[in-house]
Amino acid sequence: MPKLIPVPDALSKPFWDAVNQRRLVLQHCAACNRLQYPPQQACQVCNSAASLTWKEVEGRGHIAASIVIEDGRLNRRMPDQPYNLAMVTLDADQRVNFYSNLPGTPPYKVPVGAAVEVMFEEVAPGQLIHEWRVVA
Ligand SMILES: [Zn+2]
């Protein structure tokens, strides 16, 4: 399934470098003790930039919601339709959401509420992306 290839910038580079090492590393605000994704210049709660550090987290979550894309507008993805688009909440901080196509789970068969774990897919030579799959 062709997917969008990430283009890391200065802000997101630590995240993508970790993904390429099959690790999930998110911003953590020491002042609020919360995780943040996607990367931002400052904490979305207290607006502190100095309190943000990078922290490796366990790639475990749950499916909060799911839809099926039947008529999307991304040209690269049209041949794949219909496909899943699920919202995953991270167990380590349920305010952190990820979107996933849930590889291995057929469209219309997403078990909302089920546990998922992070996985990594190569979308270009040397470039991985994070995805999520249902825990068997
Ligand atoms: Zn904060």
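For the structure itself, consult the block above.
Notes on the structure in this doc start here. None of these values were measured; they are calculated from a predicted model.

1. Re unusual backbone geometry
Part 1: Between Y37 and the following residue, P38, the backbone shows a cis peptide bond with an omega angle of -5°.
Part 2: In this structure, P38 sits in the loop between β2 (34-36) and β3 (52-56).
Part 3: Residue P82 is reached from Q81 by a cis peptide bond, and omega for that bond is -5°.
Part 4: Checked against the element boundaries, P82 lands in the loop between β4 (60-69) and β5 (83-90).
Part 5: For N33, which is not glycine, the phi dihedral falls at a positive 55°.
Part 6: Tracing the backbone shows N33 in the loop between β1 (25-29) and β2.
Part 7: By C-beta crowding, N33 is classed as exposed, having 9 other C-beta atoms within 10 Å.
Part 8: Residues other than glycine seldom take positive phi values, yet L102 does so here, at roughly 50°.

What counts as what
Residues numbered from 1 in each chain as written. Predicted model: local features only at pLDDT ≥ 70, side-chain atom pairs only at ≥ 80, totals over all residues. Helix = DSSP H or I, 4+ residues; strand = E, 2+ residues; numbered from the N terminus. Buried ≥ 20, exposed ≤ 12 C-beta atoms within 10 Å, placed from the backbone.

It is worth stressing that arrangement in space is one thing and function is another; only the former is reported here.
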